[in-house]
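Structural overview
Read off the chains here:
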Amino acid sequence: MMKTFELTCSVCDKIFPGDGLRLRCPDCGEGLDTPIITEGKIRASDKPGQRVLERYADFFPYLDLSDDPGLGEGMTPLIRDDVLAAEVGVAAVYLKNETVNPTWSFKDRGTATGIVQAKNLGYKKVGTASTGNMAVSVAAFAGRAGMKALVLVSDKIAEEKLNPIAVHGPTLVKIKGDYSKMYDTALEIGGKLGIAFINSDATMRVAGYKTMAYEICEQCDFDVPDYVIVPNSAGGQFRGIFKGFLDFYRCGLIEKLPVMVAAQASGCSPVAAAFEKGENRVSRFENPSTIAGAITNPLPPSGNGVLRILREYGGLAVTESDESMLASQKRLAERGLFVQPESALTLAVLKKLVAKGQIKAGSKVVCVLSGGGLKFTAALGMQQLKAHSCRLEEAVEFISEVF
Ligand SMILES: *Cc1c(COP(=O)(O)O)cnc(C)c1O
Ligand SMILES: [Zn+2]
């Protein structure tokens with residue numbers, strides 16, 4: 001059942017009723033924010049496997065959570081790595097392991113809340129325009145929720161990316177043409193055909209990402225980390241995590257807000273470029289080129305919203321190269337976690353900020369590991385990896401030499 005609440009524009013602050021999907025501000029076209037929660041409590045439970053939306057139900061008063069698809073998203077580990085902390089030169093490094101979500105990326109948190117809202121509003125169909133993690137996530141959750149899913153992809157999509165989406169049974173359509181116009185086209189199709197589109201920075205998708213911040217606060221015993229580094233593309237993840245910290249702050253559950261760091265690939269960094277120039281609007285990043293496909297959005301729909309948070313709350317936007325991403329991917333894998341290059345970027349950016357003296361030695365830092373390494377196996381071919389081989393009869397001698 002639908003609930004009534006207000007939405008605030010993330011950039012112009014105008015207020016609108018939350019009476020439908022409302023994916024963008026009707027006035028200025030920017031993303032919309034769900035209300036900040038000021039009186040929430042955590043519904044603690046000793047039960048293993050408590051649903052994330054059950055635990056934090058107070059922070060979603062605008063959703064009827066009886067429609068929760070509950071696929072086990074969220075509740076991911078926060079792993080303290082003292083070896084990496086010593087290498088980097090900070091007091092503590094925490095790795096938020098989002099790769100253990102049902103479809104192996106944090107997108108599942110926002111897909112869940114997007115689906116809940118669509119069901120609350122009586123929609124039978126959901127959709128998304130994405131070539132990667134979001135497409136897989138929406139297809140999977142729609143299946144779970146018994147809804148039809150439409151997934152629009154570019155006709156340039158690699159064949160290996162198509163089947164992991166198709167296997168969940170959505171209607172998959174390859175679209176020829178300028179993929180950067182797909183976001184707007186999707187909204188048009190959705191409006192005409194009664195499909196709830198849960199795109200990259202859809203209002204309720206962003207709200208779903210708040211739970212990552214709630215968990216981090218609890219996992220740090222409410223001693224908020226100094227920095228949270230987020231791989232940033234459309235800006236939905238960044239806006240959602242920050243909003244989660246803001247909720248807990250306004251509820252008096254935490255005493256400070258972390259400094260938020262938007263990490264971008266050097267080969268596609270519209271937000272970092274605008275931030276460096278002191279601009280409050282992003283411009284299109286021309287000729288993007290990076291291996292980090294999941295964060296290659298040359299004109300991010302929530303870029304202006306992210307810039308605003310960075311400016312008003314003292315955040316940072318930082319870039320690193322593909323080479324540094326791959327080196328950090330290797331190092332994280334050696335420490336036990338094989339993540340996408342996009343996720344490894346957070347460690348590369350942390351190293352850069354410490355080297356530049358912008359993050360001090362005593363700091364506690366969270367790196368958001370947004371998605372699993374098997375999503376992009378081509379990166380394995382870019383690593384210098386090797387395996388030995390020898391004959392069985394020579395095994396003892398051979399291994400005593402190489403190991
Ligand atoms: C989608 C995605 C991002 C970026 O999130 P945005 O909300 O688009 O900024 C980062 N990492 C991974 C693995 C992703 O799938
Ligand atoms: Zn607006």
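This report concerns the structure included in the present document. (Residues numbered from 1 in each chain as written. Chains lettered and ligands numbered in written order. Predicted model: local features only at pLDDT ≥ 70, side-chain atom pairs only at ≥ 80, totals over all residues. Heavy atoms only, no water.)

**Focus: the coordination of the zinc ion (ligand 2)**
Quick reminder of the rule: Only N, O and S atoms count as donors, using a 2.8 Å cut-off from the metal and 3.2 Å for Na, K and Ca, and because water is excluded some sites may appear unfinished. Geometry is assigned from the angles between donors: four donors with all angles from 85 to 135 degrees make a tetrahedral site, four or six donors whose opposite pairs exceed 155 degrees while the rest stay between 65 and 115 make square planar or octahedral sites respectively, and everything else is labelled irregular. Buried, partly exposed and exposed residues are distinguished by accessible area as a fraction of the type maximum, computed with a 1.4 Å probe on protein chains only: under 20%, between the cut-offs, and over 50%, respectively.
Summarising the metal site, the zinc ion (ligand 2) is bound by the protein donors Cys 9 (SG), Cys 12 (SG), Cys 25 (SG) and Cys 28 (SG), whose distances to it range over 2.3 Å. Its 4 donor atoms give the zinc ion (ligand 2) angles of 102 to 115 degrees at the centre, a pattern that matches the tetrahedral case. Cys 12 gets classed as partly exposed once you look at its relative accessible area, which sits at 30%.

**Quick look at a nonpolar patch on the surface**
Cut-off, in case you're wondering: Patch rule: a residue counts if its relative accessible area is over 30% and it has no salt bridge; like charges are joined within 9 Å, and nonpolar side chains (Val, Leu, Ile, Met, Phe, Trp, Tyr) within 5 Å. All accessible-area figures derive from a Shrake-Rupley calculation using a 1.4 Å probe, and residue coverage is judged against the displayed protein chains alone. The working definition used for a salt bridge is a side-chain nitrogen of Lys or Arg within 4 Å of a carboxyl oxygen of Asp or Glu. To qualify as a helix, a DSSP run of H or I must reach at least 4 residues; to qualify as a strand, a run of E must reach at least 2; elements of each kind are numbered from the N terminus.
On the surface, Ile 399, Val 402 and Phe 403 cluster together to form a nonpolar patch covering roughly 360 Å² of accessible area. Along the chain, Phe 403 falls in the segment after helix 15 (395–402).

**Regarding the environment of Thr 34**
Put simply, the rule reads: Any pair of residues with heavy atoms lying within 4.5 Å of one another is described as a contacting pair. Counted as a polar contact is a pair of N or O atoms within 3.5 Å, where, for protein atoms, one must be capable of donating a hydrogen and the other of accepting one, and residues adjacent in sequence contribute only when both atoms are in side chains.
Its place among the elements puts Thr 34 in the loop between strand 3 (32–33) and helix 1 (52–55). Along the primary structure Thr 34 and Leu 307 are separated by 273 residues, whereas in three dimensions their C-alpha atoms are 18 Å apart. Ignoring sequence-local partners within four residues, the contact set of Thr 34 consists of Leu 7, Tyr 62, Thr 203, Met 204, Ala 207 and Lys 243. A distance of 3.3 Å separates the side chain of Thr 34 from the side chain of Tyr 62, its partner in a polar contact.

**Digging into the side chain of Ser 200**
Mapped onto the elements, Ser 200 comes out in the loop between strand 9 (196–197) and helix 7 (203–208). Looking at Ser 200, the relative accessible area reads 17%, which means it is buried. What Ser 200 contacts, discounting residues up to four positions off in sequence, is Met 134, Tyr 183, Arg 205, Tyr 209, Ala 234, Gly 236 and Pro 301.

**Focus on the site of ligand 1**
In plain terms, the rule: We call a residue near a molecule or strand when any one of its heavy atoms sits within 4 Å of it.
Near ligand 1 you find 15 residues, and of these Lys 107, Asn 133, Ser 233, Gly 235 and Ser 370 are the closest. Between ligand 1 and Lys 107, the relevant distance is 2.7 Å, taken from an oxygen atom to a side-chain nitrogen or oxygen of the residue. Between Gly 235 and ligand 1, the recorded distance is 2.8 Å, taken from a backbone N or O atom to an oxygen atom. Computed on the free molecule, ligand 1 has an accessible area of 380 Å², of which 97% lies beneath the protein chains in the complex.

**Here we look at the side chain of Asp 68**
Mapped onto the fold, Asp 68 is located in the loop between helix 1 and strand 4 (78–80). On the basis of relative accessible area, Asp 68 is assigned to the buried category, the value being 9%. In terms of polar contacts, Asp 68 uses its side chain to reach the backbone amide nitrogen of Gly 70, at 2.8 Å. Dropping the residues within four chain positions of it, Asp 68 is found in contact with Arg 51, Leu 53, Glu 73 and Val 116.

**Remarks on the packing of helix 12 (residues 322–334) against helix 13 (residues 341–355)**
Our working rule: Axes here mean lines fitted to C-alpha atoms, for a helix over just the part in contact, with angles spanning 0 to 180 degrees between N-to-C directions. For classification purposes, an angle smaller than 35 degrees is called roughly parallel, one larger than 145 roughly antiparallel, one from 65 to 115 roughly perpendicular, and anything else oblique. Polar here means any residue other than Ala, Val, Leu, Ile, Met, Phe, Trp, Tyr, Cys and Pro, which are nonpolar, and Asp, Glu, Lys and Arg, which are charged; Gly is therefore polar.
Put simply, helix 12 and helix 13 touch, their axes get as near as 7 Å, and they point 100 degrees apart. Here helix 12 is positioned roughly perpendicular relative to helix 13, judged by the angle of their axes. Where helix 12 approaches helix 13, its residues Ser 324, Met 325, Ser 328, Gln 329 and Leu 332 are matched on the opposing element by Pro 341, Glu 342, Ala 344, Leu 345, Leu 347, Ala 348 and Lys 351. The residue makeup of the contact of helix 12 with helix 13, split by class, is 7 nonpolar, 3 polar and 2 charged.

**Digging into the pattern of salt bridges**
Note that side chains of opposite charge can pair when their charged atoms are close. Evaluation of the coordinates by the stated rule reveals 25 salt bridges. For Lys 330, the salt bridge is made with Glu 334, and the minimal N-O distance between the two is 2.7 Å. Here Lys 330 and its partner Glu 334 are both found in helix 12, 4 residues apart, which amounts to about one turn of the helix. Overall, the relative accessible area of 29% leaves Lys 330 in the partly exposed class. One salt-bridge network, held together by shared partners, links Glu 87, Lys 330, Arg 331 and Glu 334.

**Brief notes about helix 4 (residues 133–145)**
The following threshold applies: Multiply 1.5 Å by the residue count of a helix minus one, and that product is the helix's expected span.
Over its 13 residues, helix 4 extends 18 Å from the first C-alpha to the last, a length consistent with the 18 Å expected when each residue adds 1.5 Å. What helix 4 keeps buried is the set Asn 133, Met 134, Ala 135, Val 136, Ser 137, Val 138, Ala 139, Ala 140, Phe 141, Ala 142 and Ala 145. Taken from the residues just after helix 4, Gly 146 is the one with a positive phi, measuring 70 degrees.

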